Amino acid sequence: MTDKVYLENPYLKELTAKIVNKEYSNSKFYITLNRTIIYPHLCGGQPMDKATINDSKVIDVYEEGDNIVHVLEDNLITDTVNIAIDWNNRFDHMQQHTGQHLLSAVIYKLYNANTIGMHIGRDYVYIDVAIPNLSESDVEKIERFANEIIYSNFSIKTYKVENKDIPSIPLRKLPTVDKNIRIVEIENVDITPCAGTHLRNIGEVGMVKIRKWEKYKGNTRIEFVCGNRALKDYTLKNYYINNISTLLSSKDVDTYDSVRKLYEDYKLLEKNLLDTKAKLLNYQVNDFINEGNIRKNIRIVNKILYDYDPKMAKYAMSQILSHSKTACILCIIENDYKCHIFMGRSRDININMKEIFDSVINIINGKGGGTPELVQGGGPNTANVPSLMEKSLELLEKIIE
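Each value, and the rule that gives it
- Residues numbered from 1 in each chain as written.
- Predicted model: local features only at pLDDT ≥ 70, side-chain atom pairs only at ≥ 80, totals over all residues.
- Heavy atoms only, no water.
- Pairing = 2+ DSSP bridges.
- Helix = DSSP H or I, 4+ residues; strand = E, 2+ residues; numbered from the N terminus.
- Axes fitted to C-alpha atoms, helices over the stretch in contact; angles between N-to-C directions.
- Contact = heavy atoms within 4.5 Å.
- Polar contact = N/O pair within 3.5 Å; in protein donor to acceptor, adjacent residues only side chain to side chain.
- Patch = residues over 30% accessible without salt bridge, like charges linked within 9 Å, V, L, I, M, F, W, Y side chains within 5 Å.
- Areas by Shrake-Rupley, 256 points an atom, 1.4 Å probe, with all protein chains shown as cover.
- Salt bridge = Lys/Arg side-chain N within 4 Å of Asp/Glu carboxyl O.
- Core = buried A, V, L, I, M, F, W, Y, C linked by side-chain atoms within 4.5 Å.
- Buried < 20%, exposed > 50% of the residue type's maximum accessible area, 1.4 Å probe, protein only.
- Expected span 1.5 Å × (residues − 1).
- Arc of directions from axis to C-beta.

Focus: the sheet that holds strand 11 (residues 156-161)
Whether parallel or antiparallel, the strands of a sheet pair through hydrogen bonds between backbone atoms. Read from one edge to the other, the open sheet built from three strands follows the order 11-12-13, with strand pairing classed as antiparallel. Of all strands in the sheet, those with a lone pairing partner are strand 11 and strand 13 (190-193), marking the two edges. If you compare each strand with its neighbour and ignore which way they point, the axes differ by 20° on average. Bridge count between strand 12 (residues 181-186) and strand 13: four bridges; the pairing is antiparallel. Paired with Val184 across the two strands is Thr192, which belongs to strand 13.

Laid out in structure tokens, this is it:
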């Protein structure tokens, strides 16, 4: 049985231990020690520790019955080994996990809502709580309450209880095991079963900052950061706000209003530009129509256009096909590596443009789809666009004849 020292003293950074079992499989060594300070890979939401054994990187740690198995790629040739954890990583996990207990307790106290899931990721933590909706004022209340508790710096203690003692303990949630039940208690705040590593005082969490929240499967997912992660998050956002405010020659508190005005001006300019393009396009469409060839009373418009907005090309196609007895083939060469093909016909003629498209699209190594009336696609072989246009026109004229 491995002595789980990480539960007794999560602040211990180094420890000597003895190897009690070693196996080799799949180019890895599976080591069982008499004791360890390395938190294993569990399913409870807290990641495993980063650590070394005799300076060899531990690539995985997991529970196997009452033992903890350490997986390494290097062989350990001594019976006694030195374990060292990455303290910054461990302390981060303790800040995030303890902060999660605090946030879940606050939500339970304020809204009588349980936490039904949690995950400590590399950049942020999230919890899923049994609340269908949270307003901005709700989140502010939760965040303020949690940080006021942090400022109170209540002590945190851990201990084990028997299953028979559970009914007499005011737990926030029931344990998932019926033996070796470990309790984490934040003084005056929360009592809950947990097998993770935690701080000794709630003040060490530093602060809790909720980044965002959203509906998730009928509940609410809350994303947050604690302690050093919260400081890093604030530093990053402060950097961007200061740079944006300098760029816009505004105070940092006025940044949002400045950006909103800039965005509104941009949308207005974009609309005016689109209106101007549409007017210009209408002139171009008339030119395309007038330049078209007529076969058996059917006007054929075929054009290769360079550096042309594909969205405007779709608009041009719709305008061209609004004329009766018209077929159109447009190719837009966006750059040297991409082209767009549009083929269509007006509703008063019976020509299957999709058959023509399918017969020629391989010329540019392209693909696409649509209906007999309108089809579009593209491909990378722009050098063969003239051949595609020539073949398309040949097939179209053959159908008309």
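Moving on from the coordinates now.
Some words on the sheet that holds strand 10 (residues 125-129)
The sheet built from four strands is open, its strands ordered 9-10-15-14 with antiparallel pairing. Either end of the sheet is taken by a strand with one partner, and the two such strands are strand 9 (115-120) and strand 14 (208-216). With direction set aside, neighbouring strand axes in the sheet form an average angle of 20°. Bridge analysis of strand 9 against strand 10 gives five bridges, and the strand direction is antiparallel. Within strand 10, the position partnered with His119 by the bridge is Tyr126. Lying on the sheet, helix 4 (residues 227-247) is in contact with strand 9, strand 10, strand 14 and strand 15 (219-226); it crosses strand 15 at an angle near 90°.

Some remarks on the side chain of Asp49
Mapping Asp49 onto the fold places it in the loop between strand 4 (35-36) and strand 5 (51-53). Polar side-chain contacts of Asp49 include one of 2.5 Å to the side chain of Arg90. Not counting the four nearest positions on each side in its chain, Asp49 is found in contact with Ile37, Ile38, Tyr39, Ile85, Asn89, Arg90 and His93.

Some points on the environment of Thr52
Within the element layout of this structure, Thr52 appears in strand 5. Linking Thr52 and Ile85, residues 33 residues apart in sequence, is a C-alpha distance of 6.4 Å. Apart from residues no more than four positions distant in its own chain, Thr52 is found in contact with Lys57, Val58, Asn82, Ile83 and Ala84.

Some points on a nonpolar patch on the surface
A contiguous nonpolar patch, built from Leu236, Tyr239, Tyr240, Ile244 and Val259 and spanning about 470 Å² of accessible area, is present on the exposed surface. Per-element accounting of the nonpolar patch gives the leading share, four residues, to helix 4. Among the secondary structure elements, Tyr240 is positioned in helix 4.

Remarks on the nonpolar core
Core analysis: the largest hydrophobic core is formed by 34 residues, its most contacted members being Leu102, Leu103 and Ile107. Taken together, the elements giving at least two residues each to this core come down to helix 2 (87-111), strand 9, strand 10, helix 3 (136-152), strand 12, strand 14 and strand 15. No other element matches helix 2, which puts seven residues into this core. In this structure Ile107 touches Asn112, Ala113, Ile127, Val129, Ile131, Ile142 and Ile222, once residues within four positions along its chain are discounted. With 24 residues, the next largest nonpolar core counts Ile351, Val360, Leu388 and Ile400 among its residues.

Overview of helix 4
Between the first and last C-alpha of helix 4 there are 30 Å, a value that for 21 residues agrees with the 30 Å anticipated at 1.5 Å per step. Along helix 4, the positions that sit buried rather than exposed are Gly227, Arg229, Ala230, Asp233 and Ser245. In an axial view of helix 4, the angular spread of the buried residues amounts to 145°, which keeps them on one side of the axis. With respect to the buried face of helix 4, the exposed residues turned more than 90 degrees away are Leu231, Lys232, Tyr239, Thr246 and Leu247. Buried residues along helix 4 sit against helix 2, strand 9, strand 10, strand 14, strand 15 and helix 5 (255-291). Backbone geometry just downstream of helix 4 places Ser249 in the positive-phi region, at approximately 55°.

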